[in-house]
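Close look at the chain arrangement
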Amino acid sequence: QPSHPTPARPKRVVVLGAMAQADEMSDIAAPVKKAHQVLRKVAISNSTRMVERHALKEVIEDTNRRFWGCVMLPITLAFFAFYSLSSILHEDVPSKHITEFPVRNVLNPVLGEDDEATSEMLDGLTTSSDVWNYLEQVFVPFFLRDVDVYGRPLPEDQRGTFLQYNQVLGGIILTLERGFMKSCEDDLVKHLTCFPQGTINDEQYGGNISDLYAADKNESYWYGTNESLLDCANEGFVVPECGYNLSNATERPKRSINIWTLDRRLAPLTQGLTGVMPVKQDPISKLLEGDKGFKFTLRAQDSLDKNRKRFQYLKDRGWIDEQTLSLEAKVVAFNYQLDIPRLLKVQFTFYFSRGGGIYTTQKIEVATLKTWPRHNRALLLFVDGVFFLMCLASSAFMAREFQKDLKVGKCIGHFNIINTITWLSCLFGWAHLGMLFGLEVYRKMVMASIEDYFDFPDTFSTLEVMRLSDSMAEFSSYQRMFISYAHILFMARCFLSLQWQPRLAIITYTLQVSTVDLLHFLIVLIPTWFGFAIAGMIMFGRRMQAFSTPLTGFAMCLQLAMEGEYDWQGMSSEDWFITLLWVWIYMVLLVMVMLNMVLAIIMDVYAEVRREQGETMSIFQHCTYLFKRAYYYKNWVPDRELWERVAEMPETIIVDDILEAYPDMPQFQLNFLCDGARNRTRVIQRKGIDPTWTVQMVAAIHISLDEIMSDLVKLKKRGWMGKKFEVPNDEDRNYVKEILAGVAVQTNWMFEAQKHVSWLHEQIGVVDEEAEDWKPSGPVELPAMRPRQGND
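Computed from a predicted structure; not experimentally measured. (Residues numbered from 1 in each chain as written. Predicted model: local features only at pLDDT ≥ 70, side-chain atom pairs only at ≥ 80, totals over all residues. Heavy atoms only, no water.)

**Some words on the overall build of the protein**
Secondary structure summary: the protein contains 21 helices and 12 strands in total. A burial count over the protein gives 38% of its 792 residues as buried. In the structure as shown, the protein presents an accessible area of about 47000 Å², 59% of it carried by carbon and sulfur atoms. (Helix = DSSP H or I, 4+ residues; strand = E, 2+ residues; numbered from the N terminus. Buried < 20%, exposed > 50% of the residue type's maximum accessible area, 1.4 Å probe, protein only. Areas by Shrake-Rupley, 256 points an atom, 1.4 Å probe, with all protein chains shown as cover.)

Given below as structure tokens:
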């Protein structure tokens, strides 16, 4: 077979060698280019007449981006300030406090560190008999008083007055929820009876009322007549409740409720443990399935003696038994002695734990009956009016921004975190105004029902005032929570808006940059924290409610870290040495080390960001900038136009070139742009260069200098003496030097002779108009070199 020649490998080797050389040059070129940029930036930053084009473009872009944000920043701050002021004035917390505190202090007194709760205090209840005793001896007598402070009987329309100036509306509503009774499901205790706490039972119970009959307590004594003790035979033991007899309702004229004109004169269970308490019917299930609670009302217009008998009736029929899940005692009163008439709602809930104890929660809510009272109506209307304008301005600005983004096809991109929070704040602002108007309508309805209650004291008005008052107090509590969450949202909006001011943006940018490090730090911190919380729950949770659940244990550890306070006596009452180890290791590891590491991370990032930003405008300088921008409005060059013109200029811009392009530009604008550009180019001087880049740049410069020296050696070997003029032979180079030296001498003598001739003409007075001083006009042309022959 004929042999075929193999492909020429040298070509491939040459190509690969060239590629390797090109890669090597590119590796060297990057540090060289970096060094060139660094030296160039340093030189330009120290010049007063030159700026870098790229830095100037960034300043123009940043100024244009910040301008509208800075304009909206005062509106955002005013939005938050007027909302806070409106909330403070409408809520009137000091007056609510002086209304609530006496009631709280009577029903559940504040104890000192060494005091212990008794069975007459809410925190001291442990058994069912304690609940009966507390309601009968404390709760009911406190609210349903029928005598004044001197023991004199009160008129029927003033019964239920407590603390002299508060009057109960309707009475006390007791609501009891029961569970089922069935055989236990576990095989070990299947022969025993269990009382599950996960479902609610609304079946009638309590036996037969005839068992209570006596010689002086026959059927008519208990029910059937207007003077009877009960409204029906099974009042309190049947769902739905037998209710009142509404046939005796007094006819009354209908009241027209006009929210603009109606203004008549009006005479300790912790949150963490509620999840393991017996189930309680929520409002949604009440709406869908109906109320399954057994209700019983102690009326305020009845005497205290009659209410005690009605209460004893519940005890005699065993209203609270083993199947009881919870008992709610609720009363609504009103106070008209302060500047603003207000409602007071007191609601205590007793949970009957299947563990054998009684746990309680208390809720006391005060709601005002006027939205814009007379004593400060002008101020409230002014604040609400300004807040309305703030909402309008913010909504209009966001609508404008959304329209601009919609035109360029950035509908989804518009809803970033800043715009989303701004939109939510606008919605919350409008919702706040809507709730004020809706609450005003609600208040007028309650005021009308209160007037009906005093003008027509019948069953219908009693039920109506209790229903509306309770609903309004509940709505007021929801509004209070709404206001609290809205403040957090508005605070977040103000915090994000700080980025539009350069000096304040340092703070927001610091938190943004440190987020990554903090998240990684939390991966270490949170498991450690939860580990101590679980350990504390296991050791102390059996005897301390603060460590009884994982969440409460975590909260207690957080309090220990932040405040450094803890109950050493309670914690160390058992296992003293283990408690000592737990406390000391926790304090050293989490408090002294890890929490200080958080501060170290943030402060380190802040110092770096501060160096990078350099000299930024303070708030006062920024206000001056905005004022002068408005003052020089006619001659102020728009940012977009200026950016397009700068983009066409060379990489290094002379300040005079900007003035030549815009001769009418205000000097303030020119100085502002140039100072900002120089501040950006000085970043390298402030931050320095990364050590790895420094080594690469020095190495690249050293290699470049070596290459320059190599080129000079090569030129010398080739006999380079000028552009396109090389004499490689040393002997010929000496001849060329001699010829050039002779030409230079002759040129010098000719120049001196011409000067002497000109001096002689001046001496003899001869003026030669055509005579010109001779001087060499360019390089001397030398004859072409020819090879030497013979003895030339």
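**A short note on the packing of aromatic side chains**
One pass over the structure, following the stated rule, counts 39 aromatic pairs. Taken together, Y205, Y221, W222, F237, F294, F296 and Y313 form an aromatic cluster joined through their ring pairs. Against the face of F237 rests R317, its NZ or CZ located 4.4 Å from the ring centre. Geometry around Y662 places R645 over its ring, the cationic atom sitting 5.8 Å from the centre. (Phe/Tyr/Trp six-rings, centres within 6.5 Å; stacked < 30°, edge-to-face > 60°. Lys NZ or Arg CZ within 6 Å of the ring centre and 35° of its normal.)

**What about the side chain of T371?**
Note that T371 resides in the loop between β9 (358-368) and α8 (377-407). For T371, a relative accessible area of 2% gives the class buried. A polar contact is formed between the side chain of T371 and the side chain of R443, at a distance of 2.6 Å. The contacts of T371, once residues within four sequence positions are left out, are H90, L380, L436, E440 and R443. (Polar contact = N/O pair within 3.5 Å; in protein donor to acceptor, adjacent residues only side chain to side chain. Contact = heavy atoms within 4.5 Å.)

**Brief notes about the state of the cysteines**
Under the definition given, this model contains 1 disulfide. Here C184 pairs with C194 through a disulfide, and the sulfurs are 1.7 Å apart. Taking the torsion about the sulfur-sulfur bond, which here is approximately 95°, the covalent link between C184 and C194 counts as right-handed. Taken together, the positions of C184 in the loop between β4 (182-183) and β5 (193-194) and C194 in strand β5 put the pair 10 residues apart, joining distant regions of the chain. We classify C194 as partly exposed; its relative accessible area is 27%. Note on C426: no disulfide assigned, nearest cysteine sulfur contributed by C391 at a separation of 6.8 Å. (Disulfide = S-S within 2.5 Å.)

**What to know about the nonpolar core**
Core analysis: the largest hydrophobic core is formed by 65 residues, its most contacted members being F139, F143, W319 and F350. Of all hydrophobic cores here, the second largest spans 24 residues; its members include L518, M556, C557 and V591. (Core = buried A, V, L, I, M, F, W, Y, C linked by side-chain atoms within 4.5 Å.)

**Some thoughts on the packing of helix α11 (residues 502-540) against helix α12 (residues 550-563)**
Running from N to C, α11 and α12 cross one another at 115°; their axes reach a closest spacing of 8 Å. In terms of orientation, α11 and α12 fall into the roughly perpendicular class. The two elements α11 and α12 meet at a crossing, and its hand is right-handed. Here W529, F530, F532, A533, I534 and M537 of α11 come into contact with α12, specifically with P550, G553, F554, C557, L558 and A561. Across the contact of α11 with α12, the residue classes break down as 11 nonpolar, 1 polar and no charged. (Axes fitted to C-alpha atoms, helices over the stretch in contact; angles between N-to-C directions. Parallel < 35°, antiparallel > 145°, perpendicular 65-115°, else oblique. Left-handed = near helix turned anticlockwise from the far one by under 90°. Nonpolar A, V, L, I, M, F, W, Y, C, P; charged D, E, K, R; others polar.)

**A word on the pairing of strand β7 (residues 324-335)**
Across the 12 residues that make up β7, a large majority, 12, are buried. Sheet topology places β7 next to strand β8 (residues 342-352); 10 bridges connect them, and they run antiparallel. Each bridged residue has a counterpart across the sheet, and for A333 the counterpart in β8 is L344. Hairpin connection from β7 to β8: 6 residues lie between these consecutive antiparallel strands. (Pairing = 2+ DSSP bridges.)

**Some points on a nonpolar patch on the surface**
A cluster of nonpolar side chains, contributed by W576, F577, I578, L581, I585 and L589, occupies part of the molecular surface with about 580 Å² of accessible area. For L589, the location among the structural elements is in helix α14 (residues 576-613). (Patch = residues over 30% accessible without salt bridge, like charges linked within 9 Å, V, L, I, M, F, W, Y side chains within 5 Å. Salt bridge = Lys/Arg side-chain N within 4 Å of Asp/Glu carboxyl O.)

**What to know about α8**
Along an α-helix, residues three or four apart share an orientation, since each turn contains 3.6 residues. End to end, α8 covers 45 Å across 31 residues, agreeing with the expected 45 Å (1.5 Å per residue, within 8%). Of the residues one or two after α8, G409 is the one with positive phi, at around 80°. (Expected span 1.5 Å × (residues − 1).)

**Observations regarding the confidence of the model for the protein**
For the protein, the average pLDDT comes to 78, and 81% of its residues sit at 70 or higher. Per-residue pLDDT stays below 50 along residues 1-26; that stretch engages in 1 contact with residues further than four places along the chain or on separate chains. Per-residue pLDDT stays below 50 along residues 769-792; that stretch engages in 15 contacts with residues further than four places along the chain or on separate chains. (pLDDT = per-residue confidence, 0-100.)

**A look at helix α15 (residues 619-631)**
In a regular helix each residue adds 1.5 Å, so 13 residues correspond to 18 Å; α15 covers 18 Å between its end C-alpha atoms and thus fits that length. Along α15, the residues that are buried comprise H622, Y625 and R629. Projection of α15 onto a plane perpendicular to its axis shows the buried side chains occupying an angular sector of 55°, all on one side. Residues of α15 that are exposed and point over 90 degrees away from its buried face: F620, F627, A630 and Y631. (Arc of directions from axis to C-beta.)

**Looking at the environment of L468**
Residue placement: L468 occurs in helix α10 (residues 459-497). The exposure class of L468 is buried, given its relative accessible area of 5%. Sequence separation between L468 and I450 is 18 residues; the distance between their C-alpha atoms is 9.3 Å. Leaving out residues up to four positions away in the same chain, L468 has contacts with Y442, M445, V446 and S449.

**So, the pattern of salt bridges**
On inspection of all chains with the given rule, the structure shows 24 salt bridges. Between D305 and K309 there is a salt bridge; the shortest N-O distance is 3.5 Å. Residue D305 and its partner K309 are both found in helix α7 (residues 304-316); the two are separated by 4 residues, about one turn of the helix. Put simply, R467 and E464 hold a salt bridge, and the shortest N to O gap is 2.6 Å. Of the two residues, R467 and E464 both sit in helix α10, 3 residues apart, roughly one turn of that helix.

**Some remarks on the packing of helix α2 (residues 53-91) against α8**
Contact geometry of α2 with α8 gives a least axis separation of 9 Å together with a crossing angle of 145°. Classified by chirality, the crossing of α8 by α2 is left-handed. In terms of residue class, the contact of α2 with α8 is built from 19 nonpolar, 3 polar and 2 charged.

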